[in-house]
Every structure is written in C-alpha cells, then in structure tokens.
Amino acid sequence: MISNLVIVESPAKAKTIEKILGKDFHVKSSMGHIRDLSKNEISIDIEKNFTPRYTIPPEKKKVVNELKELVKKSEIVWLASDEDREGEAIAWHLAEVLKLTPENYRRIVFHEITKDAINEAIKNPRGIDQNLVNAQQARRVLDRLVGYELSPILWRKIKPALSAGRVQSVAVRLIVEREREIINFKSSSSFKVSGIFEFVDKKGEKYQIKAELNEKFPDKEKAVAFLTKCKQADFLVENVVKKPSRKSPSPPFTTSTLQQEASRKLGFSVAQTMAVAQRLYEEGKITYMRTDSVNLANTAINAAGDVIRKEYGENYVNTKNYKTKSKGAQEAHEAIRPTQLEKSTISGSATEKKLYELIWKRTIASQMSDAQLEKTTVTIAVSNTSEKFIAEGEILKFDGFLKVYFESTDEEQDETKTGLLPPIEKGINLIYNSVNAIERFTHYPPRYTEASLVKKLEELGIGRPSTYAPIISTIQQRGYVLKQDRPGIERKYLFLTLDNNNIKEEIKTEITGAEKNKLFPDNIGMIVNDFLIENFENILDYNFTASVEKEFDEIATGNMNWYEMIKKFYAPFHERVTQTLAKSSVSKGERKLGTDSETGKPVIVRMGRFGAIVQIGETESTEKPKYASLRKGQNIESITLEEALALFKLPRIIGKFEDKDLTVSIGRFGPYILHNGVFYSLNKNLDDPYTIDTDRAIEIIQEKRRRDQNKIIRVFDEDKEMMILNGRWGPYLKHKNDNFRLPKNTDPKSLTYQDCLTLINDAIARKKDKK
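This report concerns the structure included in the present document. From a predicted model like this one, the values you see are computed outputs, not experimental measurements.

What counts as what
- Residues numbered from 1 in each chain as written.
- Predicted model: local features only at pLDDT ≥ 70, side-chain atom pairs only at ≥ 80, totals over all residues.
- Heavy atoms only, no water.
- Axes fitted to C-alpha atoms, helices over the stretch in contact; angles between N-to-C directions.
- Helix = DSSP H or I, 4+ residues; strand = E, 2+ residues; numbered from the N terminus.
- Parallel < 35°, antiparallel > 145°, perpendicular 65-115°, else oblique.
- Contact = heavy atoms within 4.5 Å.
- Nonpolar A, V, L, I, M, F, W, Y, C, P; charged D, E, K, R; others polar.
- Pairing = 2+ DSSP bridges.
- Left-handed = near helix turned anticlockwise from the far one by under 90°.

1. Notes on the packing of helix α3 (residues 85-97) against helix α5 (residues 130-157)
Here is step 1: Interaxial distance between α3 and α5 falls to 8 Å at its minimum, and their mutual angle equals 100°. Taken together, the axis directions place α3 and α5 in an arrangement best described as roughly perpendicular. Counting all contacts with α3, which are made through R85, E86, E88, A89, W92 and H93, the residues of α5 involved are Q130, L132, V133, A135, Q136, Q137, R139 and R140.
Here is step 2: Of the residues in the contact of α3 with α5, the class split is five nonpolar, four polar and five charged.

Here you go:
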C-alpha cells in the first residue's frame with residue numbers, strides 16, 4: 001500500500017520532488033497531458049452548451065494504466081502539476097481519467113521546488129480551480145477550431161500541407177509587415193558634422209574635446225558652405241552645464257524579459273531559453289519560469305539584501321518590491337529568481353550555468369541602490385553662424401547596481417555621448433584641430449529578432465508567458481519565417497574634412513544592411529499572410545487577438561462563460577470559412593515583371609510546387625515555359641526583371657579542365673559542377689553558382705577526387721563490386737548497392753574475399769531472424 005502518491009508532469013520534476021519528500025511519498029510523472037481533443041469531435045454543435053470530447057493518445061495509454069494501478073494502491077493522491085492554467089488543466093485531466101474524488105486527492109501548487117515550498121503546499125491543499133481549467137480549455141478549443149478550419153482552405157487555395165494558427169498567423173503578419181516597410185523604404189542622406197577642438201588651461205596643459213554640431217545639412221553644398229565658414233570662425237565655450245542623474249535597476253525577470261535578455265546577452269533562442277529554464281526549475285534551482293509578475297516574496301527580498309550587504313556593503317542595499325504592470329498577469333505570483341540567492345553559481349551544463357548566473361545577477365541588481373552619475377553638456381559657439389557644437393559626457397559617481405548588472409537593449413548605443421570630458425570652463429577659446437562632415441543615410445526599421453518579436457507581442461497583448469516560445473518555434477518550423485544571417489552590401493559615402501584651412505573631399509566605402517539572427521518572412525509566409533488578411537481580417541487583427549487573450553483572462557477569474565465565448569466567435573467564423581471555400585480564388589502570389597527581350601515572352605514570378613519560381617512564357621501556351629528557382633534571400637515582391645532573367649544564365653560553362661568543359665548549374669539536390677560526365681556538389685554556404693570561377697571549380701573537383709581515393713580501402717579481384725570503404729563512421733563493407741557493418745576491432749585490410757562473404761551471409765541471416 002502507498003500512503004501518498006504525488007503526480008507531476010515530467011520525470012525531472014518527479015526526481016527532484018522525490019529527493020525532497022523522501023520514502024513516505026511515491027512520485028510519478030504523467031509525461032505531460034494525458035488526453036487530447038478528439039479530432040472527430042471538434043466540429044460539434046457549437047450552438048449548444050457542450051463539453052469537448054477528449055481521447056487518450058496511444059502513446060499515453062501505458063502511462064495511464066500505470067497511474068491507475070498506483071492510484072488503487074494509494075491512500076491519497078497529490079496532484080502537483082504547475083500552478084498556471086496549463087498545469088491546472090493537466091491536474092483536471094488526471095482527476096477525470098483516474099476517477100479521483102475529493103476524498104482521495106489533493107491539489108497542491110508551489111512556485112519553487114524547495115523543501116519549504118512543498119511542505120507549505122502540502123499543509124494548504126486545495127481543489128482544482130475549474131475557472132483556470134476552463135480558460136485553458138477555451139484556448140485549446142478555439143485554436144483547434146481555427147487550425148482545423150483554416151488549414152484545408154490553404155491546401156486548396158495556395159499549396160498542400162500548409163497550416164494556420166490563430167496567434168502564429170498574427171506573429172507572421174508582424175514580420176511580413178515589417179519586411180514590406182523595409183522593401184518600400186526610401187533612404188535619404190544628410191551630412192553629420194563633428195569637430196575636434198583644442199585648448200590650453202591655466203596651468204598650460206593642452207586638451208582636446210570632440211563635439212557634434214546641433215544641426216545636419218541636407219546636401220554637400222550646405223556642408224561645404226559651413227566648413228568654409230569655420231575657416232575664419234572663432235570658437236568659444238558658451239556654456240558648461242553639469243547635472244546629477246540616476247539610473248535605476250530593472251525589475252526581476254518575467255518570462256518575456258528573460259527571453260529578451262538571454263537572446264541579447266547569451267545568444268539563446270527563445271525555445272532554448274525556455275528549455276534551459278525548465279530544467280533549472282525542475283532541479284529546484286529557480287522559481288517557476290512562466291510568469292508575467294515582477295513581484296518577489298519577502299523572504300527573497302530579505303535574502304537578496306543579506307547577499308548584497310555581505311558582498312558589496314550596506315550602501316549598495318536598497319530593497320524594494322516591484323508592481324506588475326501587465327493587466328492580464330497569469331496566476332504565477334512571483335518573478336523568476338534563484339531559490340537560493342546565496343548561490344551565485346551552480347553545477348550543471350554550460351548553458352544552465354550561464355542562464356542561472358543571468359537570473360541571479362538580475363535578481364540581486366533589482367535590490368541594489370541606484371547608480372549615481374553626473375552628466376556634463378558643453379556648448380561651443382561659432383562666431384560667424386548660429387549653429388553650435390555640443391559635447392556631452394557622463395561620469396559615474398557611484399556604480400550601485402551597475403557593479404553587478406547592466407540591461408542590454410535592441411537599440412544601438414551612441415558612443416559619442418558617454419565617457420569623460422576634459423576639465424573645461426565657460427569662456428575658454430578653442431582652436432579647431434579638424435572639422436568633419438560625413439554623409440550619413442537614414443536606415444530602414446530593424447527586422448525582428450526573436451527577442452524583439454516577443455517584446456512586440458507582449459506590448460500588443462498577444463499571447464501569454466507560456467505561448468511566446470511555441471509561437472516563435474512554430475512559425476519557423478512551418479517555413480513561414482526564416483531566422484538567418486545575411487551579408488551587407490557595399491555603399492559609398494562622402495567624407496569632407498576641414499584641416500589646416502583646406503577642405504578635402506574623399507569617397508569612402510562601408511558595409512550596410514548586414515543582418516544576424518534576424519527573422520525574414522519566406523515567400524510562402526507572405527502569400528499565406530495576404531490570403532488570410534484578405535479573407536479573415538478579424539482573425540489577424542492585432543486588437544482582436546489581444547481581446548481574445550483578455551477574454552481568456554476573464555474566464556480564468558470566473559467572470560465569463562467559456563463556451564459562450566467560443567459560440568460567439570465560432571458562428572461568424574464558420575460562415576466566413578464556408579464563403580471563402582466557395583468564392584475565393586487560388587493564390588500564388590503571382591507578379592508580372594515584364595517581357596524577356598530575347599523571346600518577347602512575359603516574365604512572371606510566382607509560387608511553384610517546391611518554392612518561389614520565375615517563369616518565362618505562359619502556362620497555357622503550346623510551347624513549354626522555362627522555369628528557374630529564386631535564390632536564397634530573393635523575394636517575390638522585390639525581385640526585379642533583371643534579377644529574374646539572371647536566374648536563367650544557368651547552366652553556364654565557366655572554362656575547361658583536362659580539356660573538358662566545366663559546367664555549373666542547379667539541380668534537384670542543389671548547385672553542382674559537371675565535368676567529364678561526373679557531378680561535383682558546391683558548398684551551399686560558400687559557393688555561388690552564378691559567380692564561381694574556374695580556379696574554385698578545379699579546387700572542388702580535386703578535393704572530391706582526393707576524398708574518393710582515400711575512401712577505397714580495398715577492391716577484390718574475385719568481384720569488383722565487393723569493396724571495403726572508409727565511411728563517415730569508420731570502415732564498412734559494400735557489395736553492389738548494400739552496405740554491411742564490420743565487427744569491432746576488425747582490421748579491414750586483413751579481410752579476405754571469403755571473410756567478406758561470411759560477413760554478408762551472417763548479416764542476411766540476422767535480418768531474417770529479426771523478421
């Protein structure tokens with residue numbers, strides 16, 4: 001007989017809790033949700049008050065049977081799934097499937113997996129909160145309805161195997177709209193003027209100060225005119241203003257801010273951050289990681305104060321509790337923090353250590369004193385013009401929380417406005433050392449990173465802490481959005497310098513537009529987005545999606561009936577689905593780019609079966625059109641006629657080697673070189689089939705020959721199709737089209753033809769025995 005059976009979601013969590021509770025408690029994992037919505041029952045009569053039907057997936061039946069047997073032997077069952085809506089729904093499903101009654105089960109929740117927290121939860125059990133369960137059911141049913149009804153429309157109207165989701169589609173819309181902003185952005189230039197000035201103080205010490213003009217010039221002529229004025233001008237320090245300022249620490253982490261900072265500081269993807277945080281939570285090292293609260297427990301605040309006092313001194317302590325601004329904050333009532341603040345580091349993997357230390361620093365810094373700074377602004381007057389040079393500097397008087405932690409941002413830092421200024425006073429005359437006017441260009445809005453997309457979703461009220469990571473992972477897995485690095489392009493700019501009363505003009509170059517780990521919409525993502533906006537605008541409306549989240553919150557607090565909410569949504573939605581199936585046309589994102597000058601045929605870009613393509617000629621024509629796939633980074637909406645025609649330059653002959661043509665082209669498996677009837681693959685990350693030259697092609701061929709030569713260990717005279725080869729995982733035996741493993745510690749060179757036959761016969765016999 002088992003006195004106490006504790007059921008949790010994951011094996012790792014079960015292992016940690018079992019260590020804490022000891023032998024009086026048997027802890028078992030349910031391996032997550034044990035039931036799923038029945039696919040056949042989702043289109044039930046929404047007009048009636050209904051209970052959705054759930055089924056136990058085949059892979060869960062063994063776990064369920066084991067749990068049923070354990071329940072029979074147990075006096076009390078403790079349902080200890082997580083404290084959010086998802087965890088409450090898991091507990092409810094367990095109670096339903098295992099036929100638990102209020103007499104033989106207890107629901108317990110805890111924010112951290114520590115002895116004190118678990119014992120406190122056991123002392124204060126409760127029942128299952130049906131409101132939280134209903135909020136989770138409403139989300140699952142609504143998302144399933146949208147997915148099941150929209151996806152078949154995409155299959156018929158755009159392309160097979162596509163899918164749509166309520167929140168994911170809105171995230172794709174954000175990325176598509178940002179990409180269109182970038183495509184349509186028109187950059188303009190202006191001239192930014194800065195000067196280096198010199199002065200000598202009363203002691204005869206010589207100093208330099210760098211300052212920036214408070215106005216930009218729209219063109220070269222005005223910039224040159226200003227530099228010309230500077231030749232005869234006097235420069236006077238008109239004013240020196242010193243102002244004290246303070247910088248306050250950021251609140252402790254929520255799910256969203258943790259995902260953003262881990263991306264900026266550690267380079268983690270959103271999914272990686274949540275996976276590592278989950279492990280840290282299940283091992284009892286941090287508090288629950290799905291939360292939008294910045295509140296800390298009083299015990300944590302006191303513990304942080306003790307750590308700061310011991311490590312840094314009393315003047316660094318400024319304990320405080322932060323108030324959660326998020327109106328729809330979920331049921332997790334505390335920010336993400338270490339469970340033992342006295343531990344600044346932990347044992348574990350490298351990623352676990354990095355994330356834990358980030359959480360520790362942020363928590364400790366949130367309870368530290370403000371940093372105290374002094375900001376100095378120097379205004380330099382120019383005698384013969386109204387424009388003024390401004391120099392700004394900042395001195396750190398007391399580091400405070402900056403001793404431990406400084407929050408990163410997505411914005412670029414202006415390095416000219418930080419740092420020390422020389423000891424300078426009002427009324428000092430300056431001499432210019434040099435004055436530069438540099439052409440600068442306006443920049444398109446930044447593309448989203450995973451971190452900045454999470455921030456935007458949170459600002460719009462779309463999604464909740466438990467959904468950010470799945471949203472971003474799903475849109476990438478479906479191929480609607482790509483996370484990529486892209487190289488920049490070279491751009492020329494003017495550099496004007498006034499030096500020794502001479503104005504020099506120089507043309508310089510810079511790389512612009514380089515992107516790292518940015519989110520780009522794929523062509524199919526843009527086409528699906530446009531189709532859904534055209535036919536289901538309300539589903540992709542930002543305010544509508546945010547209002548749905550608020551309704552889930554209302555259900556969670558018992559202020560709204562969940563199936564009434566579903567009913568209100570479903571009736572007009574289903575009617576729209578029916579109309580779209582009947583009336584909407586097939587969408588391929590087709591654009592006519594112009595006419596091919598050689599053939600006079602139209603050039604069209606559109607979506608094909610395997611991706612975006614350019615087509616020369618009409619599909620209905622008796623003469624078969626020519627097709628070419630778009631290159632990586634090319635877009636249906638922005639590709640030009642010239643770029644499209646360039647795609648038909650393949651195959652191209654780039655030279656000769658060993659008196660045979662070197663032909664470059666792109667085939668089913670990617671770009672390749674054809675030489676003397678043999679195909680050689682190009683490195684997709686290094687070699688461009690449109691620009692590769694003869695020398696590089698020969699290098700690839702020779703390298704492949706060397707690998708092939710080293711690949712063959714032995715060929716047998718008795719049978720030329722019997723070979724011993726070097727493979728990726730070591731030597732193996734190949735006969736005709738079949739491969740056979742060699743026994744461990746076998747010297748491949750010593751094998752005879754008869755040995756090989758024996759190995760093959762033994763392998764065939766083993767295979768028959770298995771069948």
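Next comes the rest of the write-up.
2. Considerations on the sheet that holds strand β5 (residues 74-79)
Backbone hydrogen bonds hold the strands of a sheet together, and the pairing may be parallel or antiparallel.
Here is step 1: On the basis of which strands lie adjacent, the open sheet formed by four strands has the order β2-β1-β5-β6 and parallel pairing. Edge positions in the sheet fall to β2 (25-29) and β6 (105-107), since each of these pairs with one other strand and no more. Neighbour to neighbour, the strand axes of the sheet diverge by 25° on average, direction disregarded.
Here is step 2: Where β5 meets β6, three bridges bridge the pair, whose relative direction is parallel. For W78, the partnering residue across the bridge sits in β6 and is R106.
Here is step 3: This element, helix α1 (residues 11-21), spans β1 (2-8) and β2 of the sheet and lies at about 170° to β2.

3. So, the sheet that holds strand β24 (residues 678-681)
Here is step 1: The antiparallel open sheet is built from four strands, whose spatial order is β21-β22-β23-β24. Looking at the sheet topology across the chains shown, the edges are occupied by β21 (652-657) and β24. Sheet twist, expressed as the average angle between the axes of neighbouring strands with direction ignored, equals 30°.
Here is step 2: In this sheet, strand β22 (residues 660-667) lies alongside β21 in antiparallel orientation, the contact comprising five bridges. Bridging from a neighbouring strand, I653 pairs with T663 of β22.
Here is step 3: Relative to β21, helix α18 (residues 694-711) is tilted by about 65°, and along the sheet it contacts β21, β22, β23 (670-675) and β24.

4. A word on the packing of helix α8 (residues 255-266) against helix α11 (residues 350-366)
Here is step 1: Packing of α8 against α11 leaves a shortest axis separation of 11 Å and a crossing angle of 115°. The interaxial crossing formed by α8 with α11 has right-handed handedness. Facing T257, L258, E261, A262, K265 and L266 of α8, the residues of α11 in contact are K354, L355, L358, I359 and R362.

Function cannot be read off these values alone, since they describe shape.
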